[in-house]
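Structural characterization, general
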Amino acid sequence: QVQLVESGGGLVQPGGSLRLSCAASGTIFSRYHMAWYRQAPGNQRELVARITSGGNTAYADSVKGRFTISRDNAKNTVTVYLQMNSLKPEDTAVYYCNADSMDSYWGQGTQVTVSS
């Protein structure tokens, strides 16, 4: 059974940090490109950061220099991380993990709220 399970969201003050995790299992996710998306109320889902199966990364302009995506390719589970620093209120959204290859899979989302 394919599963993407996100964790690590929560409430943080502006300027703070959070680290999101996504545990992907059920298929050979080491071959998949992995990404984090986010969706704020009233907005479309947008790409935040992406890491290829080979480890190349790309970021939305709005998070460059503040967020870092990484991955750990274990035998049966791939874990993808999103380290978020210097958080701003506009980073508030539900964050979704995505795995993409010939198929595409999504996690259930984790809420990140940046507020004082």
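Below you will find a few notes about this structure. (Residues numbered from 1 in each chain as written. Predicted model: local features only at pLDDT ≥ 70, side-chain atom pairs only at ≥ 80, totals over all residues. Heavy atoms only, no water.)

Another point: the overall build of the protein chain. Secondary structure summary: the protein chain contains 0 helices and 11 strands in total. Written out in order from the N terminus, the α and β elements of the protein chain read β-β-β-β-β-β-β-β-β-β-β. Here the protein chain has a C-alpha radius of gyration of 13 Å; the compact-globule value for 116 residues is 13 Å, and the two agree. If you line up the protein chain on its principal axes, its C-alpha atoms span 40 × 25 × 25 Å. In the protein chain, which comprises 116 residues, the proportion classed as buried is 38%. (Helix = DSSP H or I, 4+ residues; strand = E, 2+ residues; numbered from the N terminus. Rg over C-alpha atoms; globule rule 2.2 N^0.38 Å. Buried < 20%, exposed > 50% of the residue type's maximum accessible area, 1.4 Å probe, protein only.)

Following the sequence through the fold, T110 ends up in strand β11 (residues 110-114). Taking relative accessible area as the criterion, T110 reaches 10% and is therefore assigned buried. At 3.3 Å, the side chain of T110 and the backbone nitrogen of G9 are in polar contact. Dropping the residues within four chain positions of it, T110 is found in contact with E6, S7, G8, G9, L20, A93, V94 and Y95. (Polar contact = N/O pair within 3.5 Å; in protein donor to acceptor, adjacent residues only side chain to side chain. Contact = heavy atoms within 4.5 Å.)

Function-wise, these values are silent; they only describe arrangement.
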